[in-house]
Amino acid sequence: MNKVLVIAPHPDDETLGCGGTLLRHKSEGDIIYWCIVTDMKESYGFTKDKVEKRQNEIKKVSGMYGFEDVFNLSFRPMGLTSSSIPALIKAFGDIISKIKPNILYIPHYNDPHSDHRIVFDALRPYFKSFRYPFIKKILMMEIPSETDHQFISSFQPNVFVDISNFIDDKIEIMKVYESEVGEHPFPRSVESIRSVAICRGSQVNVKFAESFMLLKEVL
């Protein structure tokens, strides 16, 4: 049994990047956890209605996955900078030390969104095996609308997960985030999400797949 932690800079990154894989983990008896780094708050300028709607979305999505626990750090969206890194390091350390995951899913280091890059940088201390020997595998996610917009691309997938049995559920979960899903050719459209999964699946002879870059694996 694995303990799996996905670290999502924003709610929806977990679904875009590894939603089918999380569902597969759950179906295989693994324990899954979700860390949300940024979120809407009225103090950040969001309306009360938007804040309530997002909290309801998070609650519904959590139930659909069956997360063991959800950690919402509630940093300001689009507000992470290098000065945020010390606080992020401590927050990640508290979570990782508490649940001791052996698999991490994290954003790619070169995603265009600065929040994604700052989250990656704050996770660097946890790549050290001599300090965190229980972390056996770290995978960087491919997040449509971010990772696919590295026009000088450094995302070269070397791990593929067959999500053929979970693609429809992944899309239904993504639809919960109504404001984040648009019409094709928007990269977070249903058609685009399905197309990425088809493309990655065709690379490894399955119908639908999610792809990752393996950062570290200890066997």
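Below, the structure is looked at part by part.

About the criteria used
- Residues numbered from 1 in each chain as written.
- Predicted model: local features only at pLDDT ≥ 70, side-chain atom pairs only at ≥ 80, totals over all residues.
- Heavy atoms only, no water.
- Helix = DSSP H or I, 4+ residues; strand = E, 2+ residues; numbered from the N terminus.
- Rg over C-alpha atoms; globule rule 2.2 N^0.38 Å.
- Buried < 20%, exposed > 50% of the residue type's maximum accessible area, 1.4 Å probe, protein only.
- Contact = heavy atoms within 4.5 Å.
- Areas by Shrake-Rupley, 256 points an atom, 1.4 Å probe, with all protein chains shown as cover.
- Pairing = 2+ DSSP bridges.
- Axes fitted to C-alpha atoms, helices over the stretch in contact; angles between N-to-C directions.
- Phe/Tyr/Trp six-rings, centres within 6.5 Å; stacked < 30°, edge-to-face > 60°.
- Salt bridge = Lys/Arg side-chain N within 4 Å of Asp/Glu carboxyl O.
- Core = buried A, V, L, I, M, F, W, Y, C linked by side-chain atoms within 4.5 Å.
- Lys, Arg positive; Asp, Glu negative; His and termini not counted.
- Polar contact = N/O pair within 3.5 Å; in protein donor to acceptor, adjacent residues only side chain to side chain.

## Structural notes on the overall build of the protein
Phase 1: Looking only at helices and strands, the protein features six helices and seven strands.
Phase 2: Element order for the protein, N to C, with α for helix and β for strand: β-α-β-α-β-α-β-α-β-β-α-α-β.
Phase 3: Relative to the 2.2 N^0.38 estimate, which gives 17 Å for 219 residues, the radius of gyration of the protein is 16 Å and therefore close to what a compact globule would have.
Phase 4: Here the protein holds 219 residues, and the buried ones make up 51% of them.
Phase 5: Contacts spanning at least 24 positions in sequence make up 78% of the contacts within the protein whose residues lie at least 6 apart.
Phase 6: Total accessible area computed for the protein in this model is approximately 10300 Å², and 52% of it derives from carbon and sulfur atoms.

## What about the sheet that holds strand 5 (residues 137-141)?
Hydrogen bonds between backbone atoms are what pair the strands of a sheet, whose relative direction is either parallel or antiparallel.
Phase 1: What the seven strands build is an open sheet, ordered 3-2-1-4-5-7-6; its pairing is mixed. If you trace the sheet from one side to the other, it starts and ends with strand 3 (69-75) and strand 6 (159-162), each paired once. With strand direction ignored, the average angle separating the axes of adjacent strands in the sheet is 25°.

## Concerning the packing of aromatic side chains
Phase 1: Taken as a whole and assessed by the stated rule, the structure comprises seven aromatic pairs.
Phase 2: Taken together, a centroid distance of 5.1 Å and an interplanar angle of 50° make the contact between Tyr65 and Phe67 tilted. When sorted by exposure, Tyr65 lands in the same class as Phe67, which is buried.
Phase 3: Centroid distance Tyr132 to Phe134: 6.2 Å. Interplanar angle 85°. Geometry classified as edge-to-face.

## Topic: the pattern of salt bridges
Should their charged atoms come close, side chains of opposite charge can pair.
Phase 1: Taken as a whole, this structure holds 14 salt bridges when the rule is applied.
Phase 2: Its salt-bridge partner being Glu178, residue Lys53 comes within 3.3 Å of it at the nearest N-O pair. Here the residue Lys53 occupies a position in helix 2 (residues 48-65), and Glu178 occupies one in the loop between helix 5 (167-176) and helix 6 (190-203), the gap between them amounting to 125 residues.
Phase 3: With a shortest N-O distance of 3.2 Å, Arg54 and Glu180 are connected by a salt bridge. With a gap of 126 residues between them, Arg54 in helix 2 and Glu180 in the loop between helix 5 and helix 6 connect regions that are remote in the sequence.
Phase 4: Take Arg54: its relative accessible area is 5%, and that puts it in the buried class.
Phase 5: Glu180 gets classed as buried once you look at its relative accessible area, which sits at 18%.
Phase 6: Three or more residues are tied together by salt bridges with common partners; here these are Lys53, Arg54, Glu57, Glu178, Glu180 and Arg188.

## Details of the nonpolar core
Phase 1: By size, the foremost hydrophobic cluster in this structure holds 32 residues, and its most contacted members are Val6, Leu22, Trp34, Tyr65 and Tyr105.
Phase 2: At the level of elements, strand 1 (3-8), helix 1 (13-27), strand 2 (31-38), helix 2, strand 4 (103-106), strand 5, helix 5 and helix 6 are the ones that each hand at least two residues to this core.
Phase 3: Of all hydrophobic cores here, the second largest spans 30 residues; its members include Ile7, Leu88, Tyr132 and Ile138.

## Comments concerning the side chain of Asp30
Phase 1: Counting through the fold element by element, Asp30 comes out in the loop between helix 1 and strand 2.
Phase 2: Although Asp30 is buried, it makes no salt bridge; Arg24 carries the closest opposite charge, 8.2 Å away.
Phase 3: In this structure the side chain of Asp30 is engaged in a polar contact, spanning 2.9 Å, whose partner is the backbone nitrogen of Asn2.
Phase 4: Looking at Asp30, its side chain comes within polar contact range of the side chain of His25, at 2.8 Å.
Phase 5: Once residues lying within four places of it in the same chain are set aside, the contact partners of Asp30 are Met1, Asn2, Val4 and His25.

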